[in-house]
Amino acid sequence: MANVLDIQGLSKRYKSVQALDQLSISVPEGSIYGLLGPNGSGKTTTLGIVLDVINPTAGTFQWFGQPLSKETKRRIGALLETPNFYPYLTGLQNLKIVADIKRVDHSQVQTVLETVGLANRQHNDFKGYSLGMKQRLAIGAALLGNPEVLVLDEPTNGLDPEGIAEVRELILNVAKQGKTILLASHLLDEVEKVCTHMAVLRAGHLKAEGPVGTIMSAHDLVIINGGAP
Ligand code: ATP
């Protein structure tokens, strides 16, 4: 199977902090790939670099076997931080605004609302949405443009248990549509439940990479969890 993303020897230094040190990983097409590590292990830095918002100190990466370009960027949808939606506009209106910004046809908005399970609540104000619904709308915004890859940074952070379950189910459903998903998480159980492949990061170093089942059976959980509770 081809890789959607290949990273070779990626390093990032912020003054005295070595946030990433020679990271090399590959995200297979069709996988749900979890970047697992405690806070400060370099997950956000990795995603920022491959999305072209942070400059690496060293190393290279290719999306779809090519350097990042306008063309390849169009094939990637990302949610690094929950966007600010308009509280007194409906879910539908908010997504139409995002569609305009992304120069995506409004006809895609209905499809996305169905994918994220909000078609029946599309005429309700964003303000009244539950935490899970708000996050699903944010993932919907990332799905506008019909990207082949969805990149999510800590997608269940700050959600209540219901919202966590909804977002995890949505991730699985999006993957069933054939999209590749790259997500960062500090939660071992999240990666175990949702992901097919994983990389374990600690203090900017890669500790292990491979199919989730293989990694879980081959490594001590304390090592995987970075000793975090
Ligand atoms: P978190 O979940 O807390 O964001 P993370 O695994 O995503 O953790 P990063 O945010 O990539 O980790 O941070 C890796 C290291 O780099 C940390 O020690 C962090 O403090 C440091 N760092 C990140 N951004 C900057 C910055 N702009 N300036 C200085 N240091 C930074």
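The shown structure was predicted, so the numbers you read here are calculated from the model rather than taken from an experiment.

Draft legend 1. Fine view of the overall build of the protein. In terms of helices and strands, the protein carries 9 helices and 9 strands. For a compact globule of 229 residues, the expected C-alpha radius of gyration is about 17 Å, and the protein comes in at 17 Å, within 12% of that figure. With the C-alpha coordinates aligned to their principal axes, the bounding extent of the protein is approximately 45 × 40 × 40 Å. Taken over 229 residues, the protein has a buried fraction of 48%. Long-range contacts, defined as pairs at least 24 residues apart, comprise 66% of the intrachain contacts of the protein with a sequence gap of at least 6. Per element, the accessible surface of the protein, about 11000 Å² overall, is 52% carbon and sulfur.

Draft legend 2. Layout of the side chain of T46. In this structure, T46 sits in helix α1 (residues 43-50). In this view, T46 contacts I7, L20, L23, L35 and L201; residues no more than four positions away in its chain are not counted.

Draft legend 3. Structural view of unusual backbone geometry. Here the phi dihedral of N146 falls at roughly 50°; this positive angle occurs in a residue that is not glycine. Tracing the backbone shows N146 in the loop between α5 (131-143) and β6 (149-153). A positive phi angle, close to 45°, is found at E154, a residue other than glycine.

Draft legend 4. Geometry of the UniProt feature "domain: AAA+ ATPase" (unreviewed entry) in the protein. Within this structure's numbering, the places UniProt gives as "domain: AAA+ ATPase" (unreviewed entry) are residues 29-204. As a span, residues 29-204 carries 39% helix and 18% strand, and end to end its C-alpha atoms are 24 Å apart.

Calculation rules
Residues numbered from 1 in each chain as written. Predicted model: local features only at pLDDT ≥ 70, side-chain atom pairs only at ≥ 80, totals over all residues. Heavy atoms only, no water. Helix = DSSP H or I, 4+ residues; strand = E, 2+ residues; numbered from the N terminus. Rg over C-alpha atoms; globule rule 2.2 N^0.38 Å. Buried < 20%, exposed > 50% of the residue type's maximum accessible area, 1.4 Å probe, protein only. Contact = heavy atoms within 4.5 Å. Areas by Shrake-Rupley, 256 points an atom, 1.4 Å probe, with all protein chains shown as cover. UniProt positions renumbered as here; feature names shortened; annotations may be inferred.

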